[in-house]
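Analysis of the macromolecular model
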Amino acid sequence: MPNASLVIANWKMNGNRELTKTMSMALREKLSQLQKVKIVVCPPFTLISELASQCYYDDIAIGAQNVSEHTSGAYTGETSTTQLQEFGVSYVLVGHSERRQLFAETDDKVNEKALATVNAGMTAVICVGENKAQRDEGNTWKVVAEQAKAALANLPKEKAGKVVLAYEPVWAIGTGETASPEQAQDVHAKLRTLLVEQFGAIGEKMPLLYGGSVKADNAAELFAQKDIDGGLIGGASLKESDFVAICQAAQG
Ligand code: PEP
């Protein structure tokens, strides 16, 4: 029986003001009664203010898709934690594979961004995942463990409550090819052990999300896995009915 606690929408560079209206209306009408599921929507920066003004009820939080590791200054095109917080942002995606691949974000940069996020009091959603070649070579866990350890370096135990890990196999992102529930659970179980080793008992409770072509029709079986606590949803978060169905699947 699915019992996931966190579902995060990543709109990427999609959406417009119209979508903020239709999505917030759909979430308000259909999901304001969900008791157990926290929903976070990460729109592009330009839509954060508008979405925040429409999603004013407690169960919906606003996330950003990226943040600067710097606090202020001459960093053209960047946005700081404080600037995001001023608009009600409380979650930040860190180390998404598209940032790693297309914008050359290294493990060190991901770590700096994660530290900046949690030190500002926001929740860092740290993304890790192997590509197809790495999986085919049998290196899935090696790659995922290296990314996770690097991203979590120097993170004090008292900040662990502000960290979410999202396992997102790169070969499953936007491809329609999903990890099987067993493949995902296998990596999640190992990530759970890694979290407990670093943070102790609190590691048992840190949310572990799965992302990669989660859809309305496969969400329930993924969320039913022991160590899958929710999902990071890309494409399917752009259509109200699909996203609502995924959130309902999380509720069980
Ligand atoms: C993502 O970009 O984080 C993602 C999981 O995308 P999709 O759901 O489209 O695979």
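Structural data are supplied above this passage.
First, a word on what this report is: a plain description of the structure on this page. (Residues numbered from 1 in each chain as written. Predicted model: local features only at pLDDT ≥ 70, side-chain atom pairs only at ≥ 80, totals over all residues. Heavy atoms only, no water.)

**Examining the nonpolar core**
In this structure, I39, I126, L191, Y210, F223 and F243 are the most contacted members of the largest nonpolar core, which totals 68 residues. Of all hydrophobic cores here, the second largest spans 13 residues; its members include I8, C42, Y91 and V125. (Core = buried A, V, L, I, M, F, W, Y, C linked by side-chain atoms within 4.5 Å. Buried < 20%, exposed > 50% of the residue type's maximum accessible area, 1.4 Å probe, protein only.)

**Regarding the site of the ligand**
Around the ligand sit 14 residues in total, of which K12, E168, G174, S213 and G235 are the nearest. A distance of 2.6 Å separates an oxygen atom of the ligand from a polar atom in the side chain of K12. Isolated, the ligand exposes 290 Å² of accessible area, and the fraction of that covered by the protein chains is 98%. Its residues assigned to classes, the shell around the ligand comprises 4 nonpolar, 8 polar and 2 charged. (Near = heavy atom within 4 Å. Polar contact = N/O pair within 3.5 Å; in protein donor to acceptor, adjacent residues only side chain to side chain. Areas by Shrake-Rupley, 256 points an atom, 1.4 Å probe, with all protein chains shown as cover. Nonpolar A, V, L, I, M, F, W, Y, C, P; charged D, E, K, R; others polar.)

**With respect to the side chain of H188**
Here H188 shows up in helix α8 (residues 181–199). Of the polar contacts made by the side chain of H188, one reaches the backbone oxygen of D227; its length is 2.9 Å. Ignoring sequence-local partners within four residues, the contact set of H188 consists of Y167, L208, L209, Y210, D227 and I228. (Helix = DSSP H or I, 4+ residues; strand = E, 2+ residues; numbered from the N terminus. Contact = heavy atoms within 4.5 Å.)

**Brief notes about α8**
For α8, spanning 19 residues, the distance from its first C-alpha to its last is 26 Å, which sits close to the expected 27 Å at 1.5 Å a residue. Among the residues of α8, P181, A184, Q185, V187, H188, L191, R192, L194, L195 and F199 are the ones counted as buried. Where α8 is buried, its residues meet β5 (123–128), α6 (132–136), α7 (140–151), β6 (163–167), β7 (208–211) and α9 (219–223). Looking one or two residues beyond α8, the residue adopting positive phi is G200, at roughly 75°. (Expected span 1.5 Å × (residues − 1).)

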